[in-house]
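# Analysis of the macromolecular model
What follows is the residue order along each chain.
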Amino acid sequence: MHIFYFSKKRMNGFFILFLIIMGIFIYQIFKNQIIIPAFTYNDNRFLNKTIVIDAGHGGVDSGVIHPDGLMEKDINLEIAKFLKELLEDSGANCIITRGKDTDLSHLSNLGQTRQQKDLNARVNIINQNQADFFVSIHVNSFPRDNKVKGPVVFYYPQSKNSKNLAEVIQNRLNIEYNKIYQEEQYNKSKGASYYILQNTNSPGVIVEVGFMSNKEDYKLFNKKKYRYFVAYQIYIALGEYLEQ
């Protein structure tokens, strides 16, 4: 029978190697994990604020559709519902443009097409409720370059308050997305003349929460926790905007 003896130095080497292997194993498990803090605002900053949350598309209008069948309209709606709940729990008067899978064209007679009527209905909801500000949730796509990823926030260039709101949300999302991506990427908010931005009386933004055409974003879109994560980060950013 052979008996093997290991020196203390060799045993220490095995132990260090074991720790390195375990560290790599744990890193692989927990990298790209979505961590959502429990913090919520309780200082009444949202009290008496009327905020409209617009869940883009809906019904016959699916928005961007992934080849696997995932639809933008469903992502938009779930994020919007999560955001509404967070804001209401903090005292806001929160209106959601649609709470189910439907378009809004039946609510407006203005426009030649279903899409024009739908967009006008969303504008009417924002204006009629005299919103302090609004957030429209969407998903982006850029098939010509599937490496493009991450959130992009749009604002109406002639509205200083909208630009400010967009920058605050964009900054918050960039910081938190980079923790998931494990890399440094900073998208910039952009001025645009989209109908809902140009025809509303209130400051507001369109938040494109990522790119369906990007594999990494697509994987995130499939996670319910990710959708809540996006809503939570927008919620935190809205609080930061009101603090200014």
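Every chain is numbered on its own, with residues counted from 1 as its sequence reads. At least 70 in pLDDT is required for a residue's local features to be given in this predicted model, at least 80 for side-chain atom pairs to be given and counted, and no such filter applies to totals for whole chains, interfaces and linings, which use all residues. Water and hydrogen atoms play no part in the side-chain values, which are based on all heavy atoms of the structure.

Pairing within the open sheet is mixed, and its 6 strands lie in the order 2-1-3-6-4-5. Pairing within the sheet leaves two strands with one partner each, and these edge strands are strand 2 (93-96) and strand 5 (190-191). In short, DSSP must find at least two bridges between two strands for them to pair. Note on conventions: DSSP H or I runs of at least 4 residues are helices, E runs of at least 2 residues are strands, and numbering of each starts at the N terminus. In this structure, strand 3 (residues 133-140) lies alongside strand 6 (residues 204-211), joined through 6 bridges in parallel fashion. In the sheet register, Ile137 faces strand 6, and the bridge partner there is Val207. Running over the sheet, helix 4 (residues 160-181) touches strand 3, strand 4 (152-155) and strand 6 and is turned about 25° from strand 6. What makes two residues a contact is simply this: any of their non-hydrogen atoms within 4.5 Å. Angular values range over 0 to 180 degrees, each being the angle between N-to-C directions of two axes fitted as lines to C-alpha atoms, with helices fitted over their stretch in contact.

Turning our attention to the packing of aromatic side chains. Pairing of aromatic side chains here covers Phe, Tyr and the six-membered ring of Trp, requires ring centres within 6.5 Å, and sorts the geometry by plane angle: under 30 degrees stacked, over 60 edge-to-face, intermediate tilted. All chains considered together, the criterion is met by 13 aromatic pairs. For the pair Phe46 and Tyr235, a centre-to-centre distance of 5.7 Å together with 20° between the ring planes defines the contact as stacked. With Phe46 in the loop between helix 1 (8-30) and strand 1 (50-55) and Tyr235 in helix 7 (residues 224-243), this pair connects stretches of sequence that are 189 residues apart. Assigned by exposure class, Phe46 and Tyr235 land together as buried. Burial status follows relative accessibility: with a 1.4 Å probe on protein chains alone, a residue under 20% of its type maximum counts as buried, one over 50% as exposed, and anything between as partly exposed.

The next subject is unusual backbone geometry. At Asn44, a residue that is not glycine, the phi angle is positive and equals roughly 70°. Note on placement: Asn44 falls in the loop between helix 1 and strand 1. In this structure, Gln182 is a non-glycine residue whose phi angle is positive, near 60°. When you line up the elements, Gln182 lands in the loop between helix 4 and strand 5. Overall, the relative accessible area of 44% leaves Gln182 in the partly exposed class.

Turning next to the nonpolar core. Definition used in this section: a nonpolar core is a set of buried Ala, Val, Leu, Ile, Met, Phe, Trp, Tyr and Cys residues joined via side-chain atoms within 4.5 Å. With 51 residues, the main nonpolar core has Leu87, Ile169, Val207, Val209, Ile234 and Leu238 as its most contacted residues. Per-element accounting of this core gives the leading share, 11 residues, to helix 7. Apart from residues lying up to four places away in sequence, Val209 is in contact with Ile79, Ile137, His138, Val139, Gly150, Pro151, Tyr177, Phe221, Tyr226 and Val230.

Scored between 0 and 100, pLDDT is the confidence that the predictor attaches to each residue. Taken over all residues, the pLDDT of the chain has a mean of 91, while the share at 70 or more is 86%. Confidence drops under a pLDDT of 50 for residues 23-31, and excluding neighbours within four residues, the segment shows 1 contact in the predicted structure.

With that settled, the discussion passes to the packing of helix 2 (residues 72-89) against helix 7. At a minimum axis separation of 8 Å, helix 2 and helix 7 run at an interaxial angle of 50°. Taken together, the axes of helix 2 and helix 7 are oblique relative to one another. Here helix 2 and helix 7 pass one another in a crossing that is right-handed. Residues Asp74, Ile75, Glu78, Ile79, Phe82, Leu83, Leu86 and Leu87 of helix 2 lie in contact with helix 7, whose contacting residues are Lys224, Arg227, Tyr228, Val230, Ala231, Tyr232, Ile234, Tyr235 and Leu238. Split into classes, the residues belonging to the contact of helix 2 with helix 7 amount to 13 nonpolar, no polar and 4 charged. Angle categories: roughly parallel below 35 degrees, roughly antiparallel above 145, roughly perpendicular from 65 to 115, and oblique for all the rest. What makes a crossing left-handed is the near helix being turned counterclockwise from the far one by less than a right angle; a clockwise turn instead makes it right-handed. Lys, Arg, Asp and Glu make up the charged group, whereas Ala, Val, Leu, Ile, Met, Phe, Trp, Tyr, Cys and Pro make up the nonpolar group; the residues left over, Gly among them, are polar.

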